[in-house]
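Coordinate inspection notes
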There are 2 protein chains.
Amino acid sequence: MTISATANSDGRRLRGDSSRRAVMAVAVDLASVDGLDGLSIGALATRTGMSKGGVVALFGSKEHLQLATIDAAIEVFHEHVLVPALSEKGGLARLRVLTDSWLRYSQSRVFSGGCFFAAVSAELGSRPGTVRDAIATAMTDWQAFVRRTVERALERGELAADTDPDQLSFEITSLLDGANDLSLLLGSDEPYARARTAIDRLLMAR
Amino acid sequence: MTISATANSDGRRLRGDSSRRAVMAVAVDLASVDGLDGLSIGALATRTGMSKGGVVALFGSKEHLQLATIDAAIEVFHEHVLVPALSEKGGLARLRVLTDSWLRYSQSRVFSGGCFFAAVSAELGSRPGTVRDAIATAMTDWQAFVRRTVERALERGELAADTDPDQLSFEITSLLDGANDLSLLLGSDEPYARARTAIDRLLMAR
DNA sequence: CCTACCGATCGGTAGG
DNA sequence: CCTACCGATCGGTAGG
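Now for a look at the structure at hand. (Residues numbered from 1 in each chain as written. Chains lettered and ligands numbered in written order. Predicted model: local features only at pLDDT ≥ 70, side-chain atom pairs only at ≥ 80, totals over all residues. Heavy atoms only, no water.)

**Quick notes on the overall build of chain A**
Test applied: We count a stretch as a helix when DSSP gives it H or I for four or more residues in a row; a strand needs E for two or more, and each element gets its number in order from the N terminus. Burial classification: accessible surface area is computed with a 1.4 Å probe over protein chains only, and a residue below 20% of its type maximum counts as buried, one above 50% as exposed, and the rest as partly exposed. By the convention used here, residues are in contact when the closest approach between their heavy atoms is within 4.5 Å. Only the protein chains shown count as cover for residues, with accessible areas throughout obtained via the Shrake-Rupley method and a probe of 1.4 Å.
A tally of regular secondary structure across chain A gives 10 helices and 0 strands. Start at the N end of chain A and walk to the C end: the helices and strands fall as α-α-α-α-α-α-α-α-α-α. Projected onto the principal axes, the alpha-carbon positions of chain A cover approximately 60 × 40 × 30 Å. Across the 206 residues in chain A, those meeting the buried criterion constitute 50%. Contacts spanning at least 24 positions in sequence make up 64% of the contacts within chain A whose residues lie at least 6 apart. Looking at chain A as shown, the accessible area adds up to about 9400 Å², and 53% of this sits on carbon and sulfur atoms.

Spelled out as structure tokens, the structure:
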């Protein structure tokens, strides 16, 4: 992506890419609050100082805009949650960094509406379409990453041998999402402490 | 409500109330899929065979329609989840009926979009306004009901004496919501079995 | 409860 | 990337 962007010598593709990035930064934040359906081309244009036609020219259609927004959110999520975990080489230690990073990512409101994927998966979870499929894939990938991280700790003997990776990863992601949702609704940080307590117990008393 | 509805002898209020109920039944189901913002007056009119003006006449404004829809969803929730639990007089037994009823309520798709409150609280959780406040109140009430049910089992010595009711009720509702959300996204019933397993362990191994 | 209508905003196109 | 425009739909009002 960076290569093709810099390959063009007249600077047009380069400018297009930087516009895209600027618009995407606003789009992911708007969508975390108003949803991917609530993300309107006109509102996005106003917020970025562009014309509506300009936004359409960049993305082609609302559906393409929605898919691009999901991709941009995945990048942010990777940076804030997966990268810190992957830099920890231990087994159980990596799992702890992973859940800590997720809670920090949600609690610090990297996106105004809390976790982007919690917001849009609840919005589109029960509707058909390409956009919903893209979200489902992202969520499946995330769930699989947590499970593999659990398995890694398990292989190193740092979790009880009878641990079911699918079961434990379901419980962990439920507690993370529960903290995110409740915190947004109550405007309180307390749910994050509850999630930490619960996850600590899950990873310790086994 | 029933009294004032039957008090009018010319039948107009009576008819108005029955129209309201018919519209509400469609509204709660639509909103569970498309959200309370996605619930449009025009679409609701088409789906109920009424004119748009007729729907407006019944509810006054979109905000009033949204608030009425929340009230109607609360009634359905009470009937499917709270009533079965309250008919069980035991402590821990009531808590088990409560979580079982919730999982059945979500899994059987009483609402097409799964749990109504999971859908709309994620939609409006990070936005200000009267409608969001009504949802927050409903969710606080539900959380408090779970906590009181936990306390009841605790008073009867059916849970470990060092149990923190706030902590345990947070973990239970997170697992319930996690099952609802993941089931909708994956189109699978497996998350419900995972939630049952996790809650069984929480209520047993103490 | 209806029809008829209002201004605003939606996603998208044409042409440059 | 822009302006100018399209038909459709939005929430809501008027008048009955």
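**Side note on the environment of A119(A)**
Residue and element names in this part refer to chain A. In this fold, A119 is placed in helix α7 (residues 116-124). Overall, A119 belongs to the buried group, its relative accessible area being 11%. Along the primary structure A119 and Q66 are separated by 53 residues, whereas in three dimensions their C-alpha atoms are 14 Å apart.

**Regarding unusual backbone geometry**
Even without being glycine, R109(A) reaches a positive phi, approximately 55°. In this structure, R109(A) sits in the loop between α6 (92-107) and α7.

**Structural notes on the relation of the copies chain B and chain A**
Defined as follows: A least-squares superposition brings the copies together, and it is based on the C-alpha atoms of residues with pLDDT no lower than 70 in both.
Superposing chain B onto chain A takes a rotation of 180° plus a shift of 0.0 Å along the axis, which leaves an RMSD of 0.0 Å. Within this description, the copies of the chain are treated as partners about a two-fold rotation axis. Closest approach to the rotation axis among the C-alpha atoms of chain B is made by S174(B), whose C-alpha sits 2.8 Å away. Mapped onto chain A, 100% of the interface residues of chain B again fall at the interface, so both copies present the same surface.

**Considering the protein's contact with DNA strand D**
Convention followed: Whether a residue is near a molecule or strand is decided by its heavy atoms; if any one of them lies within 4 Å of it, the residue is near. Identification of polar contacts relies on pairs of N or O atoms within 3.5 Å, with a donor-acceptor requirement for protein atoms, meaning one able to donate a hydrogen and the other able to accept it, and with residues adjacent in sequence counted only if both atoms are side-chain atoms. For this classification, the nonpolar set comprises Ala, Val, Leu, Ile, Met, Phe, Trp, Tyr, Cys and Pro, the charged set comprises Asp, Glu, Lys and Arg, and every other residue, Gly included, is treated as polar.
Around DNA strand D, 15 residues are found, and the nearest of them are S19(A), S51(A), S40(B), K52(B) and K62(B). Here DNA strand D approaches the protein such that, of its atoms within 4 Å, sugar and phosphate make up 56%. A distance of 3.0 Å is found between a phosphate oxygen of DNA strand D and a backbone nitrogen or oxygen belonging to I41(B). Contributions of two or more residues to the surface near DNA strand D are made by α2 (12-38) and α4 (52-59) of chain A together with α3 (41-48) and α4 (52-59) of chain B. Counting residues per element, the surface near DNA strand D draws most heavily on α4(A), at 3 residues. Of the residues that constitute the surface near DNA strand D, the class distribution is 5 nonpolar, 7 polar and 3 charged.

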